[in-house]
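Chain by chain, the residues:
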Amino acid sequence: MITAIALAAGTVLAVSALLALVRVVRGPTIINRIVALDVMVSILISALGVEAAYNRHTTTVPIIVALALVGFVGSVSVARFVARDEDGTGDEAGAPTTLGVDT
Amino acid sequence: MDLLAMVLLLVGSLFSLTAAIGLLRFPDVLSRLHAATKPQVLGVLLVVVGIGLRVGPSLDLGLLVLAGVFQLLTLPVAAHMVSRAVYRSDQVAHEHLAIDDLSAGAQD
């Protein structure tokens, strides 16, 4: 019973990782890709958690903590990069765009 | 207790699946972000509670609480920054918005 539920959870996580990977490949912009990669990080946390709970060991719990702490750095930095890039290429020549005033 | 823990893990995994399906099916970035972030928080919290129930007192529970707190603290920040970048780089699908509270005309 326990094994069956763990197998079901693992299968569900694998399928959702695959779907998120499809969005990473297809996503038209870098923002789409970074959102999908954020989901991939939480799927990874869930997969490590399912494995740790099934085998009753705590080896991977520090990895879970580290991923939960660091997982957002990538998306925040990419978001800053995208906003900064758009600021640099303002579409109205010379005019300070209202988008970039109060960063 | 073990069964409850495994059911919590399964439900958390199903939350990840809903996030992935929403990521694939929704039309624009903001709705994809909406689908992606909330299951991330709730699903990971369920998984963390499941680990705590299954492994029991042999585990340092502070680490698990720390993982949940970090997830709760960091994910809203990341989602906020990403949606801000989306709005500022004008990748919003305006035809999907009922009202745009950030546009200049909406302030009167």
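Calculation rules
Residues numbered from 1 in each chain as written. Chains lettered and ligands numbered in written order. Predicted model: local features only at pLDDT ≥ 70, side-chain atom pairs only at ≥ 80, totals over all residues. Heavy atoms only, no water. Helix = DSSP H or I, 4+ residues; strand = E, 2+ residues; numbered from the N terminus. Rg over C-alpha atoms; globule rule 2.2 N^0.38 Å. Buried < 20%, exposed > 50% of the residue type's maximum accessible area, 1.4 Å probe, protein only. Contact = heavy atoms within 4.5 Å. Areas by Shrake-Rupley, 256 points an atom, 1.4 Å probe, with all protein chains shown as cover. Buried area = accessible area lost by both parts, 1.4 Å probe. Salt bridge = Lys/Arg side-chain N within 4 Å of Asp/Glu carboxyl O. Polar contact = N/O pair within 3.5 Å; in protein donor to acceptor, adjacent residues only side chain to side chain. Expected span 1.5 Å × (residues − 1). Axes fitted to C-alpha atoms, helices over the stretch in contact; angles between N-to-C directions. Parallel < 35°, antiparallel > 145°, perpendicular 65-115°, else oblique. Left-handed = near helix turned anticlockwise from the far one by under 90°. Nonpolar A, V, L, I, M, F, W, Y, C, P; charged D, E, K, R; others polar. pLDDT = per-residue confidence, 0-100. Patch = residues over 30% accessible without salt bridge, like charges linked within 9 Å, V, L, I, M, F, W, Y side chains within 5 Å.

## A look at the overall build of chain B
Looking only at helices and strands, one finds 3 helices and 0 strands in chain B. Mapped from its N terminus to its C terminus, chain B presents α and β elements in the order α-α-α. Relative to a compact globule of 108 residues, whose C-alpha radius of gyration would be 13 Å, chain B shows 18 Å and is clearly more extended. A burial count over chain B gives 50% of its 108 residues as buried. Within chain B, counting contacts between residues at least 6 apart in sequence, those at least 24 apart form 62% of the total. Accessible area for chain B stands at about 5400 Å²; split by element, carbon and sulfur atoms hold 69% of it.

## Observations concerning the interface of chain A and chain B
Interface size is commonly expressed as the accessible surface area that is lost when the partners come together. Each partner contributes to the interface: chain A provides 51 residues, whereas chain B provides 44 residues. When the two sides are added together, the surface that chain A and chain B hide from each other amounts to roughly 4400 Å², 75% of it contributed by carbon and sulfur. Between the two partners, chain A and chain B, sit 1 salt bridge. With a closest N to O distance of 2.4 Å, Arg56 of chain A and Asp2 of chain B form a salt bridge. Here chain A and chain B share 10 residue pairs in polar contact (both at pLDDT 80 or more) between them. Going through the elements one at a time, helix 1 (2–26), helix 2 (30–55) and helix 3 (61–88) of chain A are the ones with two or more residues in the side of chain A that touches chain B.

## Some words on helix 2 of chain A
The end-to-end C-alpha separation of helix 2 of chain A is 37 Å, in line with the 38 Å expected for 26 residues at 1.5 Å each. Trailing helix 2 of chain A by a residue or two, Arg56 of chain A shows a phi angle of about 55 degrees, which is positive.

## What to know about the pattern of salt bridges
Summed over the entire model, instances satisfying the criterion amount to 2 salt bridges over all chains. Between Arg54 of chain B and Asp2 of chain B there is a salt bridge whose closest N-O contact spans 3.2 Å. One end of the pair, Arg54 of chain B, is in helix 2 (residues 29–55); the other, Asp2 of chain B, is in helix 1 (residues 2–25), and 52 residues separate them in sequence. Assessed through its relative accessible area of 25%, Asp2 of chain B is described here as partly exposed. If you follow the salt bridges from partner to partner, you end up with Arg56 of chain A together with Asp2 and Arg54 of chain B in one network.

## Some remarks on unusual backbone geometry
With a phi close to 55 degrees, Arg56 of chain A is a non-glycine residue in the positive phi region. Relative to the helices and strands, Arg56 of chain A is located in the loop between helix 2 and helix 3.

## So, the packing of helix 2 of chain A against helix 1 of chain B
Direction vectors running N to C along helix 2 of chain A and helix 1 of chain B enclose 165 degrees, while the axes themselves pass 10 Å from each other. By the angle between their axes, helix 2 of chain A is roughly antiparallel relative to helix 1 of chain B. Two packed elements cross with a definite hand, and for helix 2 of chain A against helix 1 of chain B that hand is left-handed. Residues Val35, Ala36, Val39, Ile43, Ser46, Gly49, Val50, Ala53 and Tyr54 of chain A of helix 2 of chain A touch helix 1 of chain B, and the partners they reach there are Met6, Leu9, Ser13, Ser16, Ala19 and Leu23 of chain B. Its residues assigned to classes, the contact of helix 2 of chain A with helix 1 of chain B comprises 11 nonpolar, 4 polar and no charged.

## Considering the confidence of the model for chain A
In regions of low pLDDT, the predicted coordinates are not meant to be interpreted in detail. Taken residue by residue, chain A gives an average pLDDT of 81. The fraction at 70 or more is 80%. The low-confidence segment residues 90–103 of chain A (pLDDT under 50) makes 9 contacts with residues lying over four places distant or belonging to another chain.

## Brief notes about a nonpolar patch on the surface
Residues Met1 of chain A together with Leu3, Val7 and Val11 of chain B make up a contiguous nonpolar surface patch of about 360 Å² in total accessible area. A relative accessible area of 69% means that Met1 of chain A is categorised as exposed.

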